[in-house]
Amino acid sequence: MKAWSGRFEKTTDALTDSLNASISFDCRLYEEDITGSIAHAGMLGAQGIIEAEEADKIIACLKDILADIKAGKIEFKQENEDIHMNVEAILIERIGDTGKRLHTARSRNDQVALDIRLYLKKEIKEIRGLTLNLLSIILKKAESGKDVIMPSYTHLQRAQPTSFAHYMMAYANMLRRDVTRLEDCLERMDEMPLGSGALTSTTYPIDRWRVARELGFSRITENSIDGVSDRDFSIELLSDLSLLMMHLSRFSEEIILWCSWEFKFVELDDAFATGSSIMPQKKNPDIPELVRGKTGRVYGSLISLLTVMKALPLAYNKDMQEDKEPVFDAVDTVKACLPVFSAMLDTMTILPENMRAAAAKGFINATDCADYLVKKGLPFRDAYKLVGMLVNHCIKTGKTLETLSMDEYKEMSDVFDTDVYDYINLDNCVQARIAEGGPSKPSVEKQIASVKEFLNKRGETA
Ligand code: ARG
């Protein structure tokens with residue numbers, strides 16, 4: 001029988017039950033639900049709202065139920081709708097009338113708000129740990145590639161020479177922002193909503209701070225209507241996860257390109273690649289492709305939740321039950337992607353000769369050649385035009401700036417001298433970029449040290 005059957009003259013239609021029930025997915029909140037109920041019961045007992053012995057009895061039984069669920073001994077019922085009513089029904093089944101006192105001074109509205117926060121606080125910490133681990137692997141890769149010259153691109157056209165370390169540190173900076181975003185999100189989420197009741201709190205002399213302390217929250221929500229209406233924290237997390245996945249998808253895309261024979265900058269470990277059912281020669285980068293694909297799924301969850309919450313009047317509306325599946329799916333997806341992506345990156349071999357060979361084509365030292373003329377006194381715009389003409393000449397004659405003769409240089413401008421060859425040497429081009437943030441060894445080492453310090457502060461070693 002339904003907890004709320006008193007007001008009704010008929011039982012619910014089976015179709016109503018099936019649409020209404022959320023137990024098939026919110027069952028994953030069982031531990032948070034029971035932990036929250038234990039804290040609530042303890043507070044009710046301590047405040048004299050229920051007898052202390054009754055509180056003890058409820059708590060002991062809730063602990064048994066938790067153990068039984070973990071042991072797979074309990075089957076939830078759809079007719080009991082959600083995890084909250086299922087646990088309460090089992091409690092009442094086991095200890096009778098005493099169990100009926102648990103829901104005093106509480107509503108499922110503040111209960112579910114509490115459960116999701118407890119759940120997400122735990123998940124954010126885990127995702128943050130996985131992200132830190134990936135960051136430490138990126139750092140390791142960067143350290144191994146300080147002397148590896150590669151082309152960098154704009155418009156996917158070879159642009160300027162850089163080092164693999166410099167390139168990796170771009171991703172390190174992206175991932176570091178992801179970590180701090182998760183930390184911010186956790187900080188804002190760290191508010192305990194129980195005591196909001198259905199929406200206007202309660203007349204019982206509850207102690208919300210006691211519950212908050214017991215459940216490890218640093219604050220309580222300040223307004224009871226907001227306490228049950230707010231899903232910002234889930235949306236914020238999904239935004240953060242969307243950004244994180246966007247970063248992984250960009251990284252994935254590059255790895256996919258780098259694996260192709262057209263680039264061949266890297267080789268994935270066989271353990272993190274797949275074959276084809278028909279083409280015997282194939283070694284496919286399925287992992288980064290899936291990470292790229294799953295990014296869409298996480299964005300989908302964010303948009304779902306934003307759309308569910310759009311224009312909902314305060315306070316709780318049943319629409320809000322639709323918050324869980326997108327949140328769970330996004331959390332699961334990110335937790336599935338991060339470890340495999342990290343392991344794939346960790347075992348990926350870089351092919352410095354191929355990177356260097358690509359850097360030697362495409363005139364990526366043309367900016368440096370123009371800078372050479374500027375150093376000799378030409379205005380940049382004139383130098384830029386001159387080198388453009390030189391490149392045009394190279395394309396027509398099948399040469400590179402390195403293989404042009406001194407005569408050909410002189411023909412374009414007598415400012416050119418033999419020291420130009422040194423100036424446009426790729427290693428020199430990279431090392432000359434001494435500006436902060438650039439690819440010269442000291443600049444990159446500074447970037448590496450900064451991220452290392454970030455990791456060290458968080459107890460993570462690269
Ligand atoms: N299963 C519900 C949810 O997930 C719990 C809250 C139900 N509250 C209510 N007033 N019907 O949102």
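Placed above this text is the structure.
Residues numbered from 1 in each chain as written. Predicted model: local features only at pLDDT ≥ 70, side-chain atom pairs only at ≥ 80, totals over all residues. Heavy atoms only, no water.

Colleague: Talk me through the overall build of the protein; I want residue IDs and the actual numbers.
Modeller: Each helix and strand counted, the protein has 19 helices and 6 strands in total. Here the protein has a C-alpha radius of gyration of 30 Å; the compact-globule value for 462 residues is 23 Å, and the former is much larger. Principal-axis analysis of the C-alpha atoms places the extent of the protein at approximately 100 × 50 × 40 Å. Burial analysis of the protein (462 residues in total) assigns 50% to the buried set. Of the roughly 22,000 Å² of accessible surface on the protein, a fraction of 52% belongs to carbon and sulfur atoms. (Helix = DSSP H or I, 4+ residues; strand = E, 2+ residues; numbered from the N terminus. Rg over C-alpha atoms; globule rule 2.2 N^0.38 Å. Buried < 20%, exposed > 50% of the residue type's maximum accessible area, 1.4 Å probe, protein only. Areas by Shrake-Rupley, 256 points an atom, 1.4 Å probe, with all protein chains shown as cover.)

Colleague: I'd like a description of the environment of P151, backed by residues and values.
Modeller: Structurally, P151 can be placed in strand β1 (residues 149-154). Overall, the relative accessible area of 0% leaves P151 in the buried class. Considered as a pair, P151 and K361 are 210 residues apart in the sequence and their alpha carbons are 8.9 Å apart.

Colleague: Could you give me a rundown of the nonpolar core, with the residues and numbers involved?
Modeller: Among the nonpolar cores identified, the biggest contains 112 residues, and L120, I138, F164, L241, I255, W258 and F265 are the most heavily contacted of them. Sequence-distant contacts of F164, that is, excluding residues within four places in its chain, are made with K141, G145, V148, M150, W258, M348, I350 and M355. The next biggest cluster of nonpolar side chains, apart from the first, holds 19 residues, and it includes C369, V387, V391 and L404. (Core = buried A, V, L, I, M, F, W, Y, C linked by side-chain atoms within 4.5 Å. Contact = heavy atoms within 4.5 Å.)

Colleague: Quick rundown of the site of the ligand? Include the residues and the values.
Modeller: Taken together, S22, D26, D82, H84, R108, N109, V112, Y316, Q321 and K324 make up the full set of residues near the ligand. Contact distances for the ligand include 2.7 Å between a nitrogen atom and a side-chain N or O atom of Q321. K324 is positioned with one of its side-chain polar atoms (N or O) 2.5 Å from an oxygen atom of the ligand. About the coverage of the ligand: the protein hides 87% of its 340 Å² of free accessible area. Residue contributions to the shell around the ligand peak at 3 residues, all from helix α6 (residues 108-144). Tallied by class, residues from the shell around the ligand come to 2 nonpolar, 4 polar and 4 charged. (Near = heavy atom within 4 Å. Polar contact = N/O pair within 3.5 Å; in protein donor to acceptor, adjacent residues only side chain to side chain. Nonpolar A, V, L, I, M, F, W, Y, C, P; charged D, E, K, R; others polar.)

Colleague: Requested: an account of helix α11 (residues 286-309), with residues and values cited.
Modeller: Between the first and last C-alpha of α11 there are 35 Å, a value that for 24 residues agrees with the 34 Å anticipated at 1.5 Å per step. Along α11, the positions that sit buried rather than exposed are I287, P288, V291, T295, V298, S301, L302, L305, V308 and M309. Residues of α11 that are buried in the fold lie against α9 (224-229), α10 (232-259) and α12 (324-347). Two residues or fewer after α11 comes A311, characterised by a positive phi angle close to 65°. (Expected span 1.5 Å × (residues − 1).)

Colleague: Report on the packing of aromatic side chains, specifying residues and quantitative values.
Modeller: Using the criterion set out here, one finds 13 aromatic pairs in the structure. Between F380 and Y384, the ring centres sit 6.0 Å apart and the planes meet at 45°, which makes this aromatic pair tilted. With F380 and Y384 both in helix α15 (residues 380-397) and 4 residues apart, the pair spans about one turn of that helix. A ring pair is formed by Y409 and Y421, whose centres lie 5.7 Å apart and whose planes are at 80°; its orientation type is edge-to-face. Here Y409, found in helix α16 (residues 406-412), pairs with Y421, found in helix α17 (residues 420-423); they are 12 residues apart in sequence, far enough to count as distant. According to the relative accessible area criterion, Y409 is buried, its value standing at 0%. (Phe/Tyr/Trp six-rings, centres within 6.5 Å; stacked < 30°, edge-to-face > 60°.)

Colleague: Go over the packing of helix α3 (residues 30-46) against helix α5 (residues 83-95), please, and point to the residues and values.
Modeller: In contact at an axis separation of 10 Å, α3 and α5 are set at 60° when each is read in the N-to-C sense. As summarised for this structure, α3 and α5 are arranged oblique, according to the angle between their axes. α3 and α5 meet at a crossing whose hand is right-handed. Between α3 and α5, the residues in contact are Y30, D33 and I34 and I83, H84 and V87, respectively. Partitioning the contact of α3 with α5 into residue classes produces 4 nonpolar, 1 polar and 1 charged. (Axes fitted to C-alpha atoms, helices over the stretch in contact; angles between N-to-C directions. Parallel < 35°, antiparallel > 145°, perpendicular 65-115°, else oblique. Left-handed = near helix turned anticlockwise from the far one by under 90°.)

Colleague: Explain the pattern of salt bridges to me, and be specific about the residues and the numbers.
Modeller: One pass over the structure, following the stated rule, counts 37 salt bridges. K335 serves as the salt-bridge partner of E123, at 2.6 Å between the closest nitrogen and oxygen. Of this pair, E123 sits in helix α6 while K335 sits in helix α12, and the two are 212 residues apart along the sequence. K335 gets classed as partly exposed once you look at its relative accessible area, which sits at 21%. Across the pair D270 and K283 runs a salt bridge whose closest N-O atoms are separated by 2.9 Å. Separated by 13 residues along the polypeptide, D270 in the loop between β5 (266-267) and α11 and K283 in the loop between β5 and α11 bring together distant segments of the chain. One continuous salt-bridge network, built from bridges that share partners, spans E81, D82, R108 and K318. (Salt bridge = Lys/Arg side-chain N within 4 Å of Asp/Glu carboxyl O.)

Colleague: With reference to specific residues and values, describe the pairing of β1.
Modeller: Along β1, 5 of the 6 residues are buried, which leaves the element largely enclosed by surrounding structure. Where β1 folds back onto strand β2 (residues 157-163) in an antiparallel hairpin, the turn is made up of 2 residues, including H155, whose phi is positive at roughly 55°. (Pairing = 2+ DSSP bridges.)

Colleague: Any details on a nonpolar patch on the surface? Residues and values, ideally.
Modeller: On the surface, L199, I225 and L314 cluster together to form a nonpolar patch covering roughly 260 Å² of accessible area. Relative to the elements of secondary structure, I225 occurs in helix α9. With a relative accessible area of 32%, I225 lands in the partly exposed category. (Patch = residues over 30% accessible without salt bridge, like charges linked within 9 Å, V, L, I, M, F, W, Y side chains within 5 Å.)

Colleague: I'd love a proper account of the side chain of N80, names of residues and values included.
Modeller: Tracing the backbone shows N80 in the loop between α4 (52-70) and α5. A residue is classified by how much of its surface remains accessible, and N80, at 12% relative accessible area, is buried. Setting aside chain neighbours within four positions, we find N80 in contact with M85, N86 and A89.

It is worth stressing that arrangement in space is one thing and function is another; only the former is reported here.
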